[in-house]
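# Breakdown of the fold
Residues per chain, in single letters:
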Amino acid sequence: MSSPQTNNSGRLNVINDEIDLRRLWGLLMDARWLVIGTTVLALLLGLAYGVVATPIYKADGLLQVEPKSGGMAGFGELTELLTQDSSSEAEIQLIRSRMVLGQVVDQLHMDIGVAPDRLPLIGAFSAPEPAPEGTQVPLFAGFRDSQTYVTVNHFNVPDRLLDEPFTLKSEDGQPALYYDEELVAKGPADQPLRSEDGGIHLELGEWQPGNEELLLIKYSKLTVVNGIRANLGVSEVGKQTGIISMSYTGTNKARIRAVLNAIADNYVLQNIQRTAEEAEKSLEFLDQQLPEIKSTLTSAEEKLNAYRLKSESVDLSLETQSVLERLVAIEAKLNELKIKESEVSARFTREHPAYRTLLQQRRSLENEKAEINKQINQLPETQQEILRLMRDVEVNQEIYVALLNKVQELRIMRASTVGNVRVIDNALVQPEPVKPKKGLIAALAGVLGLMMSVGYVLVRAAFNRGVETPDQLEEQGISVYAAVPLSEHQQKLDRVMAALRRRKKGKHEPISLLAEKDPGDLAIEALRSLRTSLHFAMMEADNKVLMISGPSPGVGKSFVTANLAAVLAQVGQRVVVVDADMRGHLHRYFENDGHTGLSAFLSGQVDLDQVLVQTKEANLSFISRGQIPPNPAELLMHKRFGELMDKLSEQFDLVLVDTPPILAVTDAAIVGQMAGTSLIVARYGQNSVKEIDVTINRFEQNKVTIKGAILNCIERRASNEYGYYSYYKYSSDKS
């Protein structure tokens, strides 16, 4: 949306915050070769990286976790109470635990790194050098190439030296261990090497030294475990299937396969050990209970025998026998529940569902036992006593026999423990590397290059506040008298002159007038259009003096002034060009040396006839700047300058005065007070709207009115092609 604002000079400023998608597309079209080139370069770099990057391989395996019964092994009913199948997530965390991975590190000696000194040792998992076909490669604590074969059986260092590099050399055919260029130990390869304080201990397996030194590092176990975790992937296949997939990535196929198999084996082993430990604990508990039950049984039998001898033989009725059997069964269950409760209380609180179930069962049995006791109390005293004694004997005997059976079962279980985990698929390495994905990397690199180049173009355009179309000036109330395209012919001439200046031969070389060299050039056509506009603009002027200035150097004032004068002269107007820019080079357009000119006339050294020269172009005269004075502004303020303008206005149809940039010096403001018409030249993409507005304000502060602007060097771009550029595409009128 556009919002109008009025500046200090009364001109209307329009702030446009709309997004012009057409212009954005045009910007990208203008920079298409940059975008295409950057994208292609990024794509090639991505492909190159995919080719030279070290391939990463992947080994995978499969495990199955079967449902596991918990609680005291050997008790059937308690299984239902305490069964807690281990979740797959818990098993995954066990696989990734330091307990399992630490055993893998110790088993494979992964905490010992060996590599040649010519290469950086990038942790415990850097791949060893390739070995000749048919040879055994040391996977972890060793190194082999065509000349060297060294393996390490044992390497211990103090904790402060963990992850620190040591150097292993061959001196006089014997291994020598160095740390920071200091000899630590040296001796025969078949004997352990120890430091003087005994803190460093090295045992070598194979010792076939070559010509190069080896780096030897003892890594902390945590460092290696973290490295394994970074390359290890563990996940459940499906949901609640109990099937766990494991994968491990690395640069060496044999190494990653060995690591993954070791992880699976150690995980299965710890699972078996855990199950065996549960059986061992249950067996230990039962072994403690058996002597007590045996003693209780013996005591009960002795009491029963003694009572029978004392009371002679007593037979039980069928009803009493039935009560006894029921009571014995209840007592046996109660004793079994007590044993279970002692085990459960060590693992759970009384609020646990398993514990609460046991308590509920015990209360139910105790209530039933109380009912039977009421029946027993109604029996004769002799019957009651013999029933109680027989109950104690049978209950303890049943419990004792049951415990003996459980003990035998647990011993068999301990001897044949297999755990609830099994390996379904051993580790195998995929034949093709999983990284780098060359196609994906190339595509991502190409997309990144495209995004970066597009971003650069848009950011550059956002920060470039230079004027690109006459519309931007006219929206601020600044009239645009002409939009001059960038001339390719003039660019070629400029490049030739730049080459001469670099060779220090073209400092004073003349510059060809484009109006003479290529009168049909679009830039000259634009100046012909300006010629028509000036005719109407100067009708109300006080005099025939036309001043041309600009906001900053390098906008093309001299080019516009010289060629505009030539275009005006070509139609028969008598034109004189005055170079009031004491630091300019306008004289080079008219093959003038510039030594005698305006500065000499204003200082009274010469007369007008001596500075006014006729150019090769008919009807076109020229007054150069002359020698560069120390005080240009003071000279221009002299009355002789005003008199000069009056004389020239009488002799010529138009007096063109080229002045320096107003934002650099004040000379233009002095000249503008004597000019009937004043214009400024702004360069496409260089001068901002704000800069041009400040330029006009500076003139107005000095009582100089700027009629309008000439937008110079408009480039043909997609972002502005729809604007003021396209109307120049017509056959030139050379008249």
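Our subject is the structure listed above.
Everything in this summary refers to the structure shown in the same document. (Residues numbered from 1 in each chain as written. Predicted model: local features only at pLDDT ≥ 70, side-chain atom pairs only at ≥ 80, totals over all residues. Heavy atoms only, no water.)

## Description of helix α20 (residues 639–651)
Every α-helix winds through 3.6 residues per turn, so residues three or four apart in the chain are directed the same way. Compared with an ideal rise of 1.5 Å per residue, which puts 13 residues at 18 Å, α20 spans 19 Å between its outermost C-alpha atoms and is within 8% of the ideal. All buried positions along α20 are accounted for by F641, G642, L644, M645, L648 and S649. Across the axial projection of α20, the buried residues extend over an arc of 155°, all falling on one side. Opposite the buried face of α20, by more than 90 degrees, sit the exposed residues K639 and E650. (Helix = DSSP H or I, 4+ residues; strand = E, 2+ residues; numbered from the N terminus. Expected span 1.5 Å × (residues − 1). Buried < 20%, exposed > 50% of the residue type's maximum accessible area, 1.4 Å probe, protein only. Arc of directions from axis to C-beta.)

## Quick look at a nonpolar patch on the surface
A surface patch of nonpolar side chains, amounting to about 580 Å² of accessible area, comprises W33, I36, V40, L43, L44 and L47. Considering the arrangement of structural elements, one finds L44 in helix α2 (residues 32–52). (Patch = residues over 30% accessible without salt bridge, like charges linked within 9 Å, V, L, I, M, F, W, Y side chains within 5 Å. Areas by Shrake-Rupley, 256 points an atom, 1.4 Å probe, with all protein chains shown as cover. Salt bridge = Lys/Arg side-chain N within 4 Å of Asp/Glu carboxyl O.)

## Some thoughts on the packing of helix α15 (residues 522–537) against helix α16 (residues 557–570)
In contact at an axis separation of 9 Å, α15 and α16 are set at 70° when each is read in the N-to-C sense. Comparing their axes, α16 and α15 come out roughly perpendicular. Crossing handedness for the pair α15 and α16: right-handed. Residue-level contacts link A523, I524, L527, R528, L530, R531 and L534 of α15 to F559, V560, N563, L564, V567, L568 and Q570 of α16. When the residues that make up the contact of α15 with α16 are grouped by side-chain class, the tally is ten nonpolar, two polar and two charged. (Axes fitted to C-alpha atoms, helices over the stretch in contact; angles between N-to-C directions. Parallel < 35°, antiparallel > 145°, perpendicular 65-115°, else oblique. Left-handed = near helix turned anticlockwise from the far one by under 90°. Contact = heavy atoms within 4.5 Å. Nonpolar A, V, L, I, M, F, W, Y, C, P; charged D, E, K, R; others polar.)

## Regarding the sheet that holds strand β15 (residues 421–429)
If you walk across this open sheet you meet the four strands as β13-β14-β3-β15, and the pairing is antiparallel. Every interior strand has two partners, whereas the edge strands, β13 (232–236) and β15, have only one. In this sheet, adjacent strand axes meet at a mean angle of 15° when their direction is disregarded. Here five bridges tie β13 to strand β14 (residues 243–250), and the two strands are oriented antiparallel to one another. Note on β14: the bridge partner recorded for G233 is S247. (Pairing = 2+ DSSP bridges.)

## Regarding the pattern of salt bridges
For the structure on display, the rule yields twelve salt bridges. In this structure, K218 and D111 form a salt bridge, with 2.7 Å as the shortest nitrogen-oxygen distance. Of this pair, K218 sits in strand β12 (residues 214–218) while D111 is found in the loop between α5 (98–108) and β4 (112–116), placing the two residues 107 residues apart along the sequence. Note on K218: relative accessible area 11%, which makes it buried. Residue classification places D111 among the buried residues on the basis of a relative accessible area of 9%. A single salt-bridge network, built from bridges that share partners, covers E171, D172 and K186.

## Some words on the nonpolar core
Soluble, globular proteins show a tendency: their nonpolar side chains are buried together. Grouped together as the largest cluster of nonpolar side chains are 48 residues, with contacts concentrated most on L598, I623, L636, M645 and L648. Other than its neighbours up to four places away in sequence, L598 contacts V578, D579, A580, M582, I623, S624, R625, G626, L636, F641 and L644. With 39 residues, the next largest nonpolar core counts I511, A523, L586 and Y589 among its residues. (Core = buried A, V, L, I, M, F, W, Y, C linked by side-chain atoms within 4.5 Å.)

## Focus: the environment of L486
Note that L486 resides in the loop between β16 (480–485) and α13 (488–502). Measuring from C-alpha to C-alpha, the distance between L486 and N712 comes to 7.2 Å, with 226 residues separating the pair along the chain.

## Details of the sheet that holds strand β22 (residues 677–683)
Taken in spatial order, the eight strands make up an open sheet running β16-β23-β22-β17-β21-β18-β20-β19, and their pairing is mixed. Taken across any chain shown, the strands that pair with only one partner, and hence form the sheet edges, are β16 and β19 (613–614). Taken together, the four bridges between strand β17 (residues 545–549) and strand β21 (residues 654–658) define a ladder with parallel strand orientation. Following the sheet pairing, I548 is matched in β21 by D658. Lying over the sheet, α15 contacts β16, β17, β22 and β23 (708–714), oriented at roughly 170° with respect to β16. Against the sheet, α20 engages β17, β18 (575–579), β20 (620–623) and β21, with an angle of about 140° to β21.

## Structural notes on the packing of aromatic side chains
If you walk through the whole model with that rule in mind, you get three aromatic pairs. On the numbers, 5.7 Å between centres and 90° between planes, the contact of F155 with F166 is edge-to-face. Of this pair, F155 sits in strand β6 (residues 149–156) while F166 sits in strand β7 (residues 165–171), and the two are eleven residues apart along the sequence. Assigned by exposure class, F155 and F166 land together as buried. (Phe/Tyr/Trp six-rings, centres within 6.5 Å; stacked < 30°, edge-to-face > 60°.)

That is the geometry; function is a separate question.
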